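# A closer look at the structure
Okay, here's what each chain looks like letter by letter:
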Amino acid sequence: MPLRPLCGALRRAAAAAAGRRRLGSGGPNSARGAPDFSSFVARTSTCGELRSAHVGRKVTLCGWIQYQRQGLFLVLRDFQGLTQIIIPQDEARSHVKKLLSSAPVESVVRVTGIVSPRPPGQENPKMPTGDIEVKVETAEVLNSCKKLPFEIKDFIKKSEALRMQYRYLDLRSFQLQYNLRLRSRIVMRMREYLCNLHGFVDVETPTLFKRTPGGAKEFLVPSREAGKFYCLPQSPQQFKQLLMVGGLDRYFQVARCYRDEGSRPDRQPEFTQIDIEMSFVDQGGIQRLIEGLLQYSWPEERGPITTPFPSMTYEEALADYGTDKPDTRFGMKRYLKNKDIESLKEAAKSQFNQEIVDVICRPDGSLKSLLTKFLGQEQQSQLIQVLNMQGDDVVLLAAGEHKRACSALGSLRLESADLLEAAGLVLRDPTAFHFLWVVDFPLFLPKEENPMELESAHHPFTAPHPSDTSLLYSDPTKVRSQHYDLVLNGNEVGGGSIRIHNAELQRFVLEKVLKEDSEVLSHLLDALEFGAPPHGGIALGLDRLISLIIGTPSIRDVIAFPKSFRGRDLMGNAPDYVTPEELEPYHIQVSWPVAEAEAKKN
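In short, a report on the structure.

Calculation rules
- Residues numbered from 1 in each chain as written.
- Predicted model: local features only at pLDDT ≥ 70, side-chain atom pairs only at ≥ 80, totals over all residues.
- Heavy atoms only, no water.
- Helix = DSSP H or I, 4+ residues; strand = E, 2+ residues; numbered from the N terminus.
- Contact = heavy atoms within 4.5 Å.
- Lys, Arg positive; Asp, Glu negative; His and termini not counted.
- Charge placed at Lys NZ, Arg CZ, Asp CG, Glu CD.
- Axes fitted to C-alpha atoms, helices over the stretch in contact; angles between N-to-C directions.
- Parallel < 35°, antiparallel > 145°, perpendicular 65-115°, else oblique.
- Nonpolar A, V, L, I, M, F, W, Y, C, P; charged D, E, K, R; others polar.
- Expected span 1.5 Å × (residues − 1).
- Core = buried A, V, L, I, M, F, W, Y, C linked by side-chain atoms within 4.5 Å.
- Buried < 20%, exposed > 50% of the residue type's maximum accessible area, 1.4 Å probe, protein only.
- Pairing = 2+ DSSP bridges.

Our next topic: the overall build of the protein chain. Scanning the protein chain from terminus to terminus reveals 17 helices and 20 strands. Taking the principal axes of its C-alpha atoms as reference, the protein chain extends roughly 95 × 75 × 70 Å. Once local pairs closer than 6 in sequence are excluded, the contacts in the protein chain between residues at least 24 apart make up 66%. Taken together, the 75 basic and 75 acidic charged side chains of the protein chain have centroids lying 8 Å from each other.

In structure tokens form, the structure reads like this:
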């Protein structure tokens, strides 16, 4: 998003947030006009709010020097926008001119002066404050800036590593300012909806806990008890279920979660989710709650979203789209050239070890394919009918294990879209938001390392589909779950389920189906025996959701201090080494070669 629209978007966002009617009529929840950004601080106005109506007013502004020209004027920037500052040229204020003319770009200054109209013909209609300027009377350099590692401008290309190393400078850009402020506004609206409108209780759950069977790898935290470790929770799953046993009825939390599985464009080792749990609820109730939550908190500048969201089963998604998180913004139209088809076939072979056969339907209805050597005319006609092929259609066929073949074709569908969009055909409208519920997932999947054993498709606390409960004891591979995923434009943005609230059933799943040691979860199993209500919930991935709303290429652009691809904090150089003395209370020793390498370094 370019600089000028962002300034306007920030201004409109502040006005919209202030202007929305809230609950009540007079108490702390009532709207009382626009936010006062200059309360309690040493300025009278921000750099983005002055207009022609303020001409003649004496103001004090604080901000960073964005640009300075030949000692005549400078542009002052803060979080809300830009203001042109006229440097005095008269002898009486020569000290002010010297001060501002010599201050390096990105120095922090405070200026006091009179708001004046710009001379005729010098107005800047692209700048929200473009009709005015401030003629400085006094100025103070609050902090000078040394030479910058990169320019603080959105259009300047910076390497990802440099942005991470100097994140505090990167945060000064209008784009990141916009991203973080929009995130804050959406979260505040979510709190309003859940707490004020629907009676949810915001509860903070522990960060130090114990290992959870199955799921992602967890970070270990040593304790002072020899051989004993805490784990950082990958989600507050057990705690929110225990809160339902405790009678809280409706819980939510803006929860910090941790997974030790590296970093990708849409993953971070630490991340945030909107965590929700309810008692006496079914799948439909959770879905209606989330649809209302998103509709209520959705930013006005992104246009309205329509509810209810469409739904499809896991099997339908896999069969029709080759993935359990389909991008429904585009259909299956194809405008592929021969080189594109060959590229797709190569991708399938290299990524999935999957052979692909292409079938092209010519305008006259005949087929062009290697398969025609093995198919008679009647069989070709049947193939056209089964695949519903029309002239100029291209069909890619894969044979093999169902899920693997579907996954390969689903990946090729997305790569086809990439190829077509690179050629100028718009398939995935970046301003469109297509939500989709995917339901009826399998409860268990074969383990990759040992297909004879089963693991939970999501987590071991998910309840089986009511129609499939009997299969749990005879053929658990056929049991569907009461799990549901929320997909937006081909990205999973939320997932949840109705939980097992019966201790006997939970113990059977853990011990007999998953072959897990139930003793690890004895606290939860005990709790379920003390009158646990039926309950269910969901977690929305906040980082990914905000990233999709804004349209950023990575979730790192909506997190203030993200980790790198390798999970490192390049700014603070974390993780870092600690001394043997610091490790001693935790009964830990670092083995060779790390310890030896550090010794040589020192």
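Examined against the element boundaries, Ser 45 turns out to sit in the loop between helix H1 (3-19) and strand E1 (58-69). Other than its neighbours up to four places away in sequence, Ser 45 contacts Ser 38, Leu 50, Val 59, Thr 60 and Leu 61.

Between helix H8 (residues 314-321) and helix H11 (residues 402-422), whose axes approach to 8 Å, the crossing angle comes to 60°. When the axis of H8 is compared with that of H11, the two are oblique. On H11, the residues touching Tyr 314, Glu 315, Leu 318 and Tyr 321 of H8 are His 402, Lys 403, Cys 406, Gly 410 and Arg 413. Here the contact of H8 with H11 is built from residues that sort into four nonpolar, two polar and three charged.

On to helix H5 (residues 174-197), then. Along an α-helix, residues three or four apart share an orientation, since each turn contains 3.6 residues. Over its 24 residues, H5 runs 33 Å from end to end, which matches the ideal 34 Å to within 8%, given 1.5 Å per residue. Looking one or two residues beyond H5, the residue adopting positive phi is Gly 199, at roughly 70°.

The biggest cluster of nonpolar side chains holds 40 residues, and the ones touching the most others in it are Ile 276, Ile 290, Leu 294 and Leu 486. Of all the secondary-structure elements, those providing two or more residues to this core are H5, strand E10 (270-279), helix H7 (283-297), strand E15 (435-439), strand E18 (483-488), strand E19 (491-498), strand E20 (535-541) and helix H15 (542-550). Looking at this core element by element, the count peaks at seven residues for H5. Those residues within four positions of Leu 294 in sequence are excluded, and the remaining contacts are Met 190, Ile 305, Phe 309, Phe 435, Leu 486, Leu 540 and Leu 545.

Turning to the sheet that holds strand E13 (residues 367-368), a few remarks are in order. Reading across from one edge, E13-E12-E14 is the order of the three strands in this open sheet, with antiparallel pairing throughout. Two strands close off the open sheet at either side, each with one partner strand: E13 and strand E14 (394-398). As paired elements, strand E12 (residues 356-361) and E14 share five bridges and run antiparallel to each other. Residue pairing in the sheet places Ile 360 in a bridge with Val 394 of E14. Contacts from helix H9 (residues 338-352) reach E12 and E14 within the one sheet, and its direction differs from that of E12 by about 155°. Each of E12 and E14 touches H11; the most contacted strand, E14, lies at about 150° to it.

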